[in-house]
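What follows is each chain in one-letter form.
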Amino acid sequence: MGKIAKPGGRPGRRQVLQSAVLLCVLGLLPATWVAVSAGDRVRTLGDAPAAPVVVVFGAGLWDGEPSPYLAHRLDAAAELYGRGRVRAVLVTGDNSRRDYDETGAMRDYLVRRGVPAEDVVGDHAGFDTWDSCARARRIFGVERVLLVSQGFHIRRALALCRAAGIDAHGVGVAEPHDATWYYGALREVAGAAKAGLEATFTPDPHFLGPRERGLERALAD
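Engineer: So what's going on with unusual backbone geometry? Which residues, and what values?
Structural biologist: Although it is not a glycine, Asp63 sits at a positive phi angle of roughly 50°. For Thr202, which is not a glycine, the phi torsion comes out positive at approximately 40°. Looking at where Thr202 falls in the secondary structure, it is placed in the loop between helix 6 (179-201) and helix 7 (214-220).

In structure tokens, the structure reads:
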């Protein structure tokens, strides 16, 4: 009779190693897809191409004001507007509760930094990156944009907006590699897997609703 390999024996260890390698490869596939989809479309403030609209994704409020990460995104959008690279700003975030108005805080922040209120349009149902991209295309009629977010998130945002049918370039905001940055980068591993499913099946966002004309009016001025 042949010998039965013990779990701790050499054949058993080989199977465990092979399984571990396979899991690692499968885990990296979504992140690889995100990187390939973004391609060379991540730019800096200095070389960002002109576009009608810049989209700023929400990143939370602290005591009713934009968190530091969100403030840095808004600063970049204000600079792009001031340089004439964009003509309007679409701020997209969470306004699911009456006591939490992320897009309103984003608009106020931009206005205090010189962006005219009529050129800032809010999407109150941008609950995640896919919803923000899908609604930008289907509700606000966006076809070509600049996206602003931190470096660890901008490629996923680009991949999803392109999957939603938008011609997008992204500006990655630099941040110190502190605990918050590493936490955000780690979240992107799971985020990439979710993004792969969203790009494949292109589900409806949580809320659709009627077509919004705010951007059209801003761009018509």
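Engineer: Would you mind going over the layout of surface pockets in detail, with residue names and values included?
Structural biologist: What the largest pocket holds in volume is close to 830 Å³. Gly58, Ala59, Gly60, Arg73 and Arg187 are, among the 32 residues lining the largest pocket, the residues nearest its centre. For the lining of the largest pocket, the secondary structure elements donating two or more residues are strand 3 (61-62), helix 2 (68-82), helix 4 (129-138), helix 5 (151-163) and helix 6. In terms of residue count, the dominant contributor to the lining of the largest pocket is helix 6 (seven residues).

Engineer: Hey, could you go over the state of the cysteines for me, with residue numbers and the actual values?
Structural biologist: Evaluation of the coordinates by the stated rule reveals one disulfide. The side chain of Cys133 participates in a disulfide bridge whose partner is Cys161; the two sulfur atoms lie 2.5 Å from each other. Looking down the S-S bond of the Cys133 and Cys161 bridge, the torsion is -80°, so its handedness is left-handed. Here Cys133 is found in helix 4, whereas its partner Cys161 is found in helix 5, with 28 residues between them in sequence. This pair shows no difference in class: Cys133 is buried, exactly as Cys161 is.

Engineer: Lay out the sheet that holds strand 5 (residues 88-92) in plain terms, naming residues and giving numbers.
Structural biologist: With parallel pairing, the six strands of this open sheet are ordered in space as 1-8-7-2-5-6. With one partner strand each, in any of the chains shown, strand 1 (42-43) and strand 6 (120-123) form the two edges of the open sheet. Sheet topology places strand 2 (residues 53-57) next to strand 5; five bridges connect them, and they run parallel. The partner of Phe57 across the bridge, within strand 5, is Thr92. Those strands touched by helix 5 are strand 1, strand 2, strand 7 (144-150) and strand 8 (167-173), and its axis lies near 150° from that of strand 7.

What counts and how
Residues numbered from 1 in each chain as written. Predicted model: local features only at pLDDT ≥ 70, side-chain atom pairs only at ≥ 80, totals over all residues. Heavy atoms only, no water. Helix = DSSP H or I, 4+ residues; strand = E, 2+ residues; numbered from the N terminus. 1 Å grid on protein atoms, 1.4 Å probe; cavity = no way out; pocket = protein on both sides within 12 Å on 5 of 7 lines; lining within 4 Å. Points joined across faces, edges and corners; volume = space filled by probe spheres on them. Disulfide = S-S within 2.5 Å. Buried < 20%, exposed > 50% of the residue type's maximum accessible area, 1.4 Å probe, protein only. Pairing = 2+ DSSP bridges. Contact = heavy atoms within 4.5 Å. Axes fitted to C-alpha atoms, helices over the stretch in contact; angles between N-to-C directions.

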